[in-house]
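What follows is the residue order along each chain.
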Protein chains: 2
Amino acid sequence: MADEVILLDFWASMFGMRARVALAEKGVKYEYREEDLRNKSPLLLQMNPVHKKIPVLIHNGKPVCESLIIVQYVDEVWRDKDPLLPSDPYLRARSRFWADFIDKKLYDAGRKIWATKGEEQEAGKKEFIEVLKQLEGELGNKPYFEGESFGFLDIALITFYSWFYAFETCGNFSIEAECPKLIAWAKRCMQKESVSKTLPDKNMVYEFVLGMKKMFGME
Amino acid sequence: MADEVILLDFWASMFGMRARVALAEKGVKYEYREEDLRNKSPLLLQMNPVHKKIPVLIHNGKPVCESLIIVQYVDEVWRDKDPLLPSDPYLRARSRFWADFIDKKLYDAGRKIWATKGEEQEAGKKEFIEVLKQLEGELGNKPYFEGESFGFLDIALITFYSWFYAFETCGNFSIEAECPKLIAWAKRCMQKESVSKTLPDKNMVYEFVLGMKKMFGME
């Protein structure tokens, strides 16, 4: 029996994109279902009753929630393709640590850049750059975060790249000026089809952010 | 060469206790080093420069940080003993999901119970019980969260049990009255030496919480 794989997602979500990149890396065919986050589907509420959030990967009827958990699940189920996580326990722990760091620090800092003004926005920009510089330190001179090949931590971070133009335009600053090696890494990742075909166009994300600002009365 | 294993920890930390229970389950000998959290050691700051938090497991000189990542690391390195995580990818994802849920919801709710008063404390109690009831639903009629044997998700949650008496006394409520099956599970876990020898006495934790309340001027 063929696997039935469904992804409940929202196009502009960095978290949803992680699941999509992982599935593309593994060559898994799946049905993509776009959610209206202001009017969530009964299936989403049924499959993720705890958080009621996308992405949710439904594999043969069983839901897997939370983007980093989904990426690990995809890596563990579709083992015929190259692994996304390193095999060494220490390197695995290290990848998990930095992916968790991204979730704890980068999203909130990014949100402050587009959703606030004045001092709070300045603080957000400073925080965002500090977090990226720490990640740049972890990258070092390696082509990818886990070494020679694209993997788990690359997936955890690269999806934020689709929002960089929106952050830069809202915050009037240049990420590349501050973190040139990280941008070189991002461009390297974008040469991979799994990434370039998944990440939305930067202008679309910017338009989406402008719409959100309008909705929040922040124009 | 024998492994050198050092744990930087603080006795009352539910997060630190997770590492200790995992190491005990695997029968790993290690050097325990108590940290003074108001005056952190140079080693802690060097080994976890990002978060500067305990627990840190230092294995042959290399640091692993964040308690759930430590437990997974211990499980992956010391493979001769029974695994802590299930082998099935879906069950692994499920364990990771609920452990992450505990980290996102239970700690903050618990903190509100002892560190706030009035309405905020009441909200904390309500939240705490709701979170435990969701976990009780996940436990169902199984002896342990992952089935017949004590594992990853049991470790993630049981360490909070050492704080239940403090929560109950500060909040003037009974957790057992609300979640009897969860308390039965906790008592079952306490029959394991890895747990009973790790978790501190409830009165010691309560005294510690009273000390914290005093420090925050909350008597």
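Residues numbered from 1 in each chain as written. Chains lettered and ligands numbered in written order. Predicted model: local features only at pLDDT ≥ 70, side-chain atom pairs only at ≥ 80, totals over all residues. Heavy atoms only, no water.

Per an unreviewed UniProt entry, chain A goes by the name glutathione transferase and belongs to Prunus yedoensis var. nudiflora. What UniProt records for chain A under Sequence similarities (unreviewed entry) is the sentence "Belongs to the GST superfamily." The record in UniProt for chain A states the following under Catalytic activity (unreviewed entry): "RX + glutathione = an S-substituted glutathione + a halide anion + H(+)". (UniProt positions renumbered as here; feature names shortened; annotations may be inferred.)

Trainee: Which residues make up helix 7 (residues 161–171) of chain A, and what values go with them?
Mentor: All of the buried residues in helix 7 of chain A are S162(A), W163(A), F164(A), A166(A), F167(A), C170(A) and G171(A). N172(A) lies just past helix 7 of chain A and shows a positive phi near 55 degrees. (Buried < 20%, exposed > 50% of the residue type's maximum accessible area, 1.4 Å probe, protein only. Helix = DSSP H or I, 4+ residues; strand = E, 2+ residues; numbered from the N terminus.)

Trainee: Can you tell me about the relation of the copies chain B and chain A, naming the residues and giving the values?
Mentor: Aligned on chain A, chain B shows an RMSD of 0.0 Å; the corresponding rotation is 180 degrees and the shift along the axis is 0.0 Å. Between the two chains, the operation in question is that of a two-fold axis. Here 100% of the interface residues in chain B have copies in chain A that are interface residues too; the copies meet face to matching face. (Least-squares fit on C-alpha atoms with pLDDT ≥ 70 in both. Contact = heavy atoms within 4.5 Å.)

Trainee: Describe in detail the UniProt feature "domain: GST C-terminal" (unreviewed entry) in chain A, supporting the description with residues and values.
Mentor: With numbering matched to this structure, UniProt assigns "domain: GST C-terminal" (unreviewed entry) to residues 88–208 of chain A. Summarising residues 88–208 of chain A: 77% helix, 0% strand, and an end-to-end C-alpha distance of 40 Å.

Trainee: For the interface of chain B and chain A, give the residues involved together with the corresponding values.
Mentor: Accessible area lost on assembly of the parts is the figure often given for the size of an interface. Taken residue by residue, the interface counts 25 residues in chain B and 25 residues in chain A. Together chain B and chain A conceal approximately 2,200 Å² of surface at their shared face, both sides included; 67% is due to carbon and sulfur atoms. Between chain B and chain A we count six salt bridges in total. The partner of R92(B) in a salt bridge is E76(A), with the nearest N and O atoms 2.8 Å apart. At the boundary of chain B with chain A, the tally comes to six residue pairs in polar contact (both at pLDDT 80 or more). (Buried area = accessible area lost by both parts, 1.4 Å probe. Salt bridge = Lys/Arg side-chain N within 4 Å of Asp/Glu carboxyl O. Polar contact = N/O pair within 3.5 Å; in protein donor to acceptor, adjacent residues only side chain to side chain.)

Trainee: Describe empty space enclosed by the protein, and please don't skip the residues or the numbers.
Mentor: All names here are of chain B. Counted according to the given criterion, the structure contains one cavity of 30 Å³ or more. Estimates place the volume of the largest cavity at around 40 Å³. What lines the largest cavity is simply M14, Y107, G110, R111, W114, W163 and F167. Those elements that provide at least two residues to the lining of the largest cavity are helix 4 (89–115) and helix 7 (161–171). (1 Å grid on protein atoms, 1.4 Å probe; cavity = no way out; pocket = protein on both sides within 12 Å on 5 of 7 lines; lining within 4 Å. Points joined across faces, edges and corners; volume = space filled by probe spheres on them.)

Trainee: An account of the UniProt feature "domain: GST N-terminal" (unreviewed entry) in chain A is needed here, citing residue identities and associated values.
Mentor: Annotation from UniProt places "domain: GST N-terminal" (unreviewed entry) at residues 3–82 of chain A. Segment residues 3–82 of chain A splits into 38% helix and 21% strand. End C-alpha atoms: 19 Å apart.

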